[in-house]
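Results of the structural survey
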Number of protein chains: 2
Amino acid sequence: MSHTTAAPHRSGEQDVDLTSSGLEHRIAEVSPLLNGNTTGVNGVHPNGLTNDLTNGTNGHTPKSGELDASKLTIELADPNARQVPDEATACSGTETICTDHMITCTWKVSSGWEAPALKPYGPLSLMPTASVLHYATECFEGLKCFRGFDGKLRLFRPNLNANRMLMSTLRISLPGFNPEELEKLIAKLVEVDGPKWLSKSRPGSFLYLRPAMIGTQPQLGVQAPKEALLFITASFMPRMDAPAGGMKLHTSPEDQVRAWVGGFGYAKVGANYGPSLLATNEARARGFGQILWLYGPNGECTEAGASNFFILWRAKETGKLQLVTAPLDDRLILDGVTRRSCVELARERLAGELEVVERKYTIDEVLEADKEGRIVEAFAAGTAFFICPVSLIHHRGVEVQIPMGKTGESGMYTAKIKGWLKDIMYGNEQHPWGPVVTDQ
Amino acid sequence: MSHTTAAPHRSGEQDVDLTSSGLEHRIAEVSPLLNGNTTGVNGVHPNGLTNDLTNGTNGHTPKSGELDASKLTIELADPNARQVPDEATACSGTETICTDHMITCTWKVSSGWEAPALKPYGPLSLMPTASVLHYATECFEGLKCFRGFDGKLRLFRPNLNANRMLMSTLRISLPGFNPEELEKLIAKLVEVDGPKWLSKSRPGSFLYLRPAMIGTQPQLGVQAPKEALLFITASFMPRMDAPAGGMKLHTSPEDQVRAWVGGFGYAKVGANYGPSLLATNEARARGFGQILWLYGPNGECTEAGASNFFILWRAKETGKLQLVTAPLDDRLILDGVTRRSCVELARERLAGELEVVERKYTIDEVLEADKEGRIVEAFAAGTAFFICPVSLIHHRGVEVQIPMGKTGESGMYTAKIKGWLKDIMYGNEQHPWGPVVTDQ
């Protein structure tokens with residue numbers, strides 16, 4: 001595919017926009033996998049995905065070398081070899097307890113994707129020269145499967161995770177794939193391990209699913225890996241959505257920036273996480289849960305740790321309730337599945353009560369709203385933290401206390417949104433966002 | 001160690017400077033390893049290293065749990081199992097050919113560093129949940145050992161690599177260590193594998209040494225790893241210092257930034273590399289060798305690919321020769337060993353002929369110098385690319401041709417500096433930068 005035709009909306013500007021067109025070239029290359037045709041990438045989402053990507057099956061039949069869930073080989077573990085621990089025990093150690101199986105799939109530039117394999121969970125073998133260990137050629141996703149109160153096992157909007165995973169893989173120069181095939185593989189792992197590891201006796205519980213892709217080519221040198229491994233695990237993960245007293249945030253120091261315009265803050269690549277640990281550890285040592293990452297000379301609020309951040313306040317001008325969160329259009333923040341779901345649910349179900357606003361807003365606006373008593377609630381939103389009420393923001397020696405509702409556990413709107421999401425996840429409400437995997 | 005006392009020079013400002021103090025706390029914690037006392041981190045180098053760190057042995061005796069090269073265990077491979085390939089064959093594939101052995105050393109937060117082990121080269125076993133595979137908790141170094149024309153095996157300023165490795169590990173929340181112990185381990189690997197893999201019959205050749213550290217704790221969740229692995233390999237690496245026609249650079253697109261103030265561009269962490277591949281691949285597909293990374297609205301020139309960049313021009317005002325390279329003080333670029341050596345050698349040996357200037361300079365200054373015929377030479381400097389003449393810079397449709405000397409292979413000053421470095425590396429000049437490891 002020629003570079004001139006691959007990015008027609010940039011024609012004549014390719015020197016100006018080398019990387020953006022780079023990402024779009026990669027998306028154009030995999031576009032047959034996305035929408036069954038080769039018409040390119042017009043209508044590209046700010047995060048690099050076509051707008052119609054999330055609308056169900058595309059009917060594409062995998063060709064040789066493409067990721068193909070139907071080729072999955074299955075090697076089952078001895079079902080009696082491991083017992084399922086209780087949740088508290090499973091989450092108490094320094095090691096993630098995974099289920100009996102994992103799915104792996106290898107890729108080579110010369111031959112494409114091999115048949116994926118479901119097999120007993122165990123270590124990976126990587127050469128010391130593997131790309132991922134030196135150059136952070138890695139990306140991942142996080143989603144959960146839920147044991148419903150109706151006894152069924154559900155996922156939550158897995159298509160969004162699969163689509164985002166594709167965008168992340170392309171951003172970090174790993175191979176593309178049809179996101180629907182990834183969805184099928186995720187569902188298969190749940191189907192095999194869910195019944196035992198998330199038993200019907202534990203309704204209201206979840207397992208954490210982690211698809212990841214890494215560059216495995218054993219060659220030193222800064223280059224796109226010619227070999228890669230996709231793997232998916234299912235594991236216990238602690239519930240982090242209700243820390244005692246709410247989540248306390250510490251704003252990022254002036255001399256550190258999590259992500260920046262022209263960077264990769266919107267992609268779920270490893271490179272966004274490791275470098276953030278230094279500030280996070282410092283904040284934790286001082287009693288805070290996460291960093292509220294500020295951006296730019298005006299201190300725009302972007303993300304809370306590895307979650308999106310929402311603040312509910314009364315607008316300065318009108319006094320009306322606004323649920324505010326950072327926008328996606330400058331590609332600084334992650335297009336969170338929970339974030340998106342909050343935005344959509346609040347717009348649909350709270351339309352008469354509050355306005356949802358995706359816009360840049362600064363820490364000074366937060367401080368001002370606090371002084372004027374306009375802050376109503378705040379929460380972090382993400383798969384790991386789910387909907388986690390925020391009770392305090394510490395900024396340069398100033399503490400912003402945020403109301404936590406009558407119970408002291410959560411503001412009312414935070415609780416409402418969280419409740420709706422829970423209902424969908426655990427089957428109290430039948431909803432297209434919560435596809436059933438199995439009732440076993 | 002309390003956070004208040006750990007960063008006395010920041011006292012009263014800790015909210016403003018959480019991360020900077022974070023890095024300095026970590027350095028303070030390991031400072032007994034660095035200078036034999038506990039007086040803290042005053043006089044911190046812009047890149048986080050104490051200024052006197054590079055001045056030879058500190059006499060610190062490792063305590064239990066500290067990295068200790070004297071505890072090295074040795075398990076030798078069958079010396080006849082593998083034959084040494086010729087250089088061309090070794091560098092022709094898609095896999096790096098390593099020597100017979102590697103050194104590994106494991107660390108746990110509870111017990112510190114175990115005894116390091118020299119053992120046969122082979123795969124690492126990592127759990128799928130290992131920190132490094134998801135969160136890019138990884139850093140590395142690159143240096144070479146040289147078979148001199150006098151038959152001896154030398155390193156080149158390995159103390160600088162070891163010190164920088166420490167800074168990188170702390171920046172990415174991996175465990176500290178005494179850099180001298182790392183140096184000893186590097187030398188040990190050369191001592192064991194050098195005689196066979198870099199035989200006396202190949203004077204003027206080198207092996208590439210790659211110390212790396214990764215977070216191995218098998219637990220999902222964004223946190224500093226509680227387990228880590230240090231490993232060192234020695235391998236073949238292609239010579240990249242003389243591409244036909246010189247190295248051609250393409251400036252970075254406006255919408256992509258390699259590193260940013262407040263980021264981690266100065267640390268040799270994986271997170272600086274993976275995300276840069278997209279633009280680099282695009283540039284390579286268009287016939288360029290590397291990206292010349294610009295920074296900020298004025299397009300300051302920072303690095304050339306994963307190398308530092310030097311330009312030799314006649315100053316606009318005075319017409320005098322200036323060797324210009326980007327400065328270290330805003331922590332955007334890597335404090336390259338080759339870069340530093342070029343700066344120091346040119347200042348020492350070319351003092352009457354040219355001035356060495358470390359300052360911010362923009363691509364517009366380069367374009368202007370080109371228009372006015374003031375550009376004399378340019379080169380990339382790094383361990384992998386050594387001193388690589390640059391013949392062209394492409395910026396937004398404009399091509400800057402850079403003289404390549406009478407031979408068409410290299411400008412005169414580029415060749416001079418390269419020659420001096422070679423002489424030190426290969427033992428034509430006895431110099432403190434080129435410590436001999438063994439004459440076997």
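Residues numbered from 1 in each chain as written. Chains lettered and ligands numbered in written order. Predicted model: local features only at pLDDT ≥ 70, side-chain atom pairs only at ≥ 80, totals over all residues. Heavy atoms only, no water.

For the rest of this paragraph, the subject is the overall build of chain A. On a plain count of helices and strands, chain A comes out with ten helices and 20 strands. When the 440 residues of chain A are sorted by exposure, 62% land in the buried category. For chain A, the exposed surface amounts to about 15,700 Å²; the carbon and sulfur share of it is 51%. (Helix = DSSP H or I, 4+ residues; strand = E, 2+ residues; numbered from the N terminus. Buried < 20%, exposed > 50% of the residue type's maximum accessible area, 1.4 Å probe, protein only. Areas by Shrake-Rupley, 256 points an atom, 1.4 Å probe, with all protein chains shown as cover.)

Our next topic: the domain arrangement of chain A. Residue and element names in this part refer to chain A. Along its sequence, chain A is organised into domain 1 (18-238) and domain 2 (247-425). Each of domain 1 and domain 2 has a C-alpha centre, and the two are 27 Å apart. Here domain 1 packs against domain 2, burying approximately 2,300 Å² in sum over the two surfaces, 59% of which is carbon and sulfur. The interface formed by domain 1 and domain 2 contains one salt bridge. With a closest N to O distance of 3.1 Å, Arg-157 and Glu-344 form a salt bridge. At the boundary of domain 1 and domain 2, one finds nine residue pairs in polar contact (both at pLDDT 80 or more). Here the side of domain 1 that touches domain 2 gets six residues from one element, more than from any other, and that element is helix H5 (residues 158-171). (Domains from an automatic or database assignment. Buried area = accessible area lost by both parts, 1.4 Å probe. Salt bridge = Lys/Arg side-chain N within 4 Å of Asp/Glu carboxyl O. Polar contact = N/O pair within 3.5 Å; in protein donor to acceptor, adjacent residues only side chain to side chain.)

Our focus in this paragraph is the packing of aromatic side chains. Enumeration over the complete set of coordinates arrives at 21 aromatic pairs over all chains. For the pair Tyr135(A) and Phe140(B), a centre-to-centre distance of 5.5 Å together with 80 degrees between the ring planes defines the contact as edge-to-face. Of this pair, Tyr135(A) sits in helix H4 (residues 131-135) while Phe140(B) sits in strand S6 (residues 138-140), placing the two residues on different chains. By relative accessible area, which is 2% here, Tyr135(A) ends up buried. Residue classification places Phe140(B) among the buried positions, given a relative accessible area of 2%. Here Trp260(A) and Trp260(B) contribute two aromatic rings whose centre-to-centre distance is 3.2 Å and whose plane-to-plane angle is 20 degrees, an arrangement assigned as stacked. Here Trp260(B) lies in the loop between strand S11 (247-251) and helix H7 (277-285) and Trp260(A) lies in the loop between strand S11 (247-251) and helix H7 (277-285), a pairing that spans two chains. Across this residue pair, the class does not change: Trp260(A) and Trp260(B) are buried. Grouped by ring-pair contacts, the aromatic residues Trp260(A), Phe264(A), Trp260(B) and Phe264(B) constitute a single cluster. (Phe/Tyr/Trp six-rings, centres within 6.5 Å; stacked < 30°, edge-to-face > 60°.)

With 108 residues, the main nonpolar core has Met213(A), Leu230(A), Met213(B) and Leu230(B) as its most contacted residues. Excluding residues within four positions of it along the chain, Met213(B) makes contact with Trp113(B), Thr137(B), Glu138(B), Cys139(B), Met165(B), Thr169(B), Leu174(B), Pro175(B), Phe177(B), Ala228(B), Leu229(B) and Leu230(B). Counting residues in hydrophobic clusters, the runner-up holds 92 residues, among them Tyr135(B), Phe146(B), Leu220(B) and Phe231(B). (Core = buried A, V, L, I, M, F, W, Y, C linked by side-chain atoms within 4.5 Å. Contact = heavy atoms within 4.5 Å.)

Attention now goes to the interface of chain A and chain B. Reports often express the size of an interface as the amount of accessible area lost when the parts come together. Contacts between chain A and chain B engage 89 residues on the former and 89 residues on the latter. Taken together, both faces of the contact between chain A and chain B bury some 7,400 Å²; the carbon and sulfur share is 60%. The interface formed by chain A and chain B holds zero salt bridges in total. The interface formed by chain A and chain B includes 31 residue pairs in polar contact (both at pLDDT 80 or more). A class-by-class count of the residues in the side of chain A that touches chain B yields 43 nonpolar, 31 polar and 15 charged. Examined bridge by bridge, strand S5 (residues 124-126) of chain A and strand S5 (residues 124-126) of chain B share three bridges and lie antiparallel to one another. Its bridge partner lying in S5(B), Leu124(A) is registered against Leu126(B). (Nonpolar A, V, L, I, M, F, W, Y, C, P; charged D, E, K, R; others polar. Pairing = 2+ DSSP bridges.)

With that settled, consider the relation of the copies chain A and chain B. Placing chain A over chain B gives an RMSD of 0.0 Å and needs a rotation angle of 180 degrees, together with 0.0 Å of translation along the axis. A rotation of that kind, with that shift, is consistent with a two-fold axis. Here 100% of the interface residues in chain A have copies in chain B that are interface residues too; the copies meet face to matching face. (Least-squares fit on C-alpha atoms with pLDDT ≥ 70 in both.)

We now examine helix H10 (residues 412-425) of chain B. Residue and element names in this part refer to chain B. Compared with an ideal rise of 1.5 Å per residue, which puts 14 residues at 20 Å, H10 spans 20 Å between its outermost C-alpha atoms and is within 8% of the ideal. Here H10 has its buried residues at Tyr-413, Thr-414, Ile-417, Lys-418, Trp-420, Leu-421, Ile-424 and Met-425. One side of H10 carries all its buried residues, which in axial view fall inside an arc of 155 degrees. Gly-427 sits one or two positions beyond H10 and adopts a positive phi of about 80 degrees. (Expected span 1.5 Å × (residues − 1). Arc of directions from axis to C-beta.)

Let us now look at the UniProt feature "modified residue: N6-(pyridoxal phosphate)lysine" (unreviewed entry) in chain A. Residue and element names in this part refer to chain A. This chain's UniProt record puts "modified residue: N6-(pyridoxal phosphate)lysine" (unreviewed entry) on Lys-268. When you line up the elements, Lys-268 lands in the loop between S11 and H7. If sequence neighbours within four positions are ignored, Lys-268 has contacts with Cys-139, Phe-140, Glu-141, Gly-142, Arg-164, Ser-168, Tyr-273 and Leu-334. (UniProt positions renumbered as here; feature names shortened; annotations may be inferred.)

As a further point, take helix H8 (residues 337-349) of chain A. A turn of α-helix holds 3.6 residues, and therefore any two residues three or four places apart point the same way. For H8(A), which comprises 13 residues, the first-to-last C-alpha distance of 18 Å matches the rise-based estimate of 18 Å (1.5 Å per residue) to within 8%. The complete set of buried residues in H8(A) reads Val337(A), Thr338(A), Arg339(A), Ser341(A), Cys342(A), Val343(A), Leu345(A) and Ala346(A).

Bringing the pattern of salt bridges into the picture now. Enumeration over the complete set of coordinates arrives at 49 salt bridges over all chains. For Lys184(A), the salt bridge identified is with Glu181(A), shortest N-O distance 2.9 Å. A residue pair is termed a helical-turn pair when its members lie 3 or 4 positions apart in one helix, as Lys184(A) and Glu181(A) do in helix H6 (residues 179-197) at three residues. For Lys184(A), a relative accessible area of 44% corresponds to the partly exposed category. A salt bridge links Asp100(B) to Arg82(B); the shortest N-O distance between them is 3.8 Å. Linking Asp100(B) in the loop between helix H3 (87-90) and strand S2 (101-108) with Arg82(B) in the loop between strand S1 (73-74) and H3, this pair joins segments that are 18 residues apart in sequence. Exposure remark for Arg82(B): the relative accessible area of 31% places this residue in the partly exposed category. Residues participating in the shared-partner salt-bridge network are Lys316(A), Glu368(A), Glu372(A) and Arg374(A).

Residues and elements named next belong to chain B. Inspection of the secondary structure puts Thr-383 in the loop between strand S17 (375-382) and strand S18 (386-395). Its relative accessible area of 24% is what places Thr-383 among the partly exposed residues. When the C-alpha positions of Thr-383 and Glu-141 are compared, they lie 9.6 Å apart, and in sequence the two are 242 residues distant. A polar atom in the side chain of Thr-383 sits 3.4 Å from the backbone oxygen of Gly-142.

Our next topic: the pairing of strand S9 (residues 206-215) of chain B. Residues and elements named next belong to chain B. S9 sits mainly inside the fold: ten of its ten residues count as buried. Neither face of S9 is exposed, since Phe-206, Tyr-208, Arg-210, Ala-212 and Ile-214 on one face and Leu-207, Leu-209, Pro-211, Met-213 and Gly-215 on the opposite face are all buried. In this structure, S6 lies alongside S9, joined through three bridges in antiparallel fashion. When the bridges of S9 are listed, Phe-140 appears paired with Ala-212. In the sheet, strand S7 (residues 143-147) pairs with S9 via four bridges, with the strands oriented antiparallel. By the bridge assignment for S9, Cys-145 is matched with Leu-207.

Residues and elements named next belong to chain B. For S18, a buried count of ten out of ten residues is recorded, marking the element as mostly surrounded by other parts of the structure. Pairing of S11 with S18, which is carried by four bridges, proceeds in the parallel orientation. Directly across from Leu-249, in S18, lies its bridge partner Ile-393. Bridging between S17 and S18 involves four bridges; their strand directions are antiparallel. Its bridge partner lying in S18, Phe-379 is registered against Pro-389. Hairpin geometry of S17 and S18 is characterised by an intervening segment of three residues between the two adjacent antiparallel strands. Across four bridges, the pairing between S18 and strand S19 (residues 398-401) is antiparallel. Paired with His-395 across the strands is Val-398, a residue of S19.

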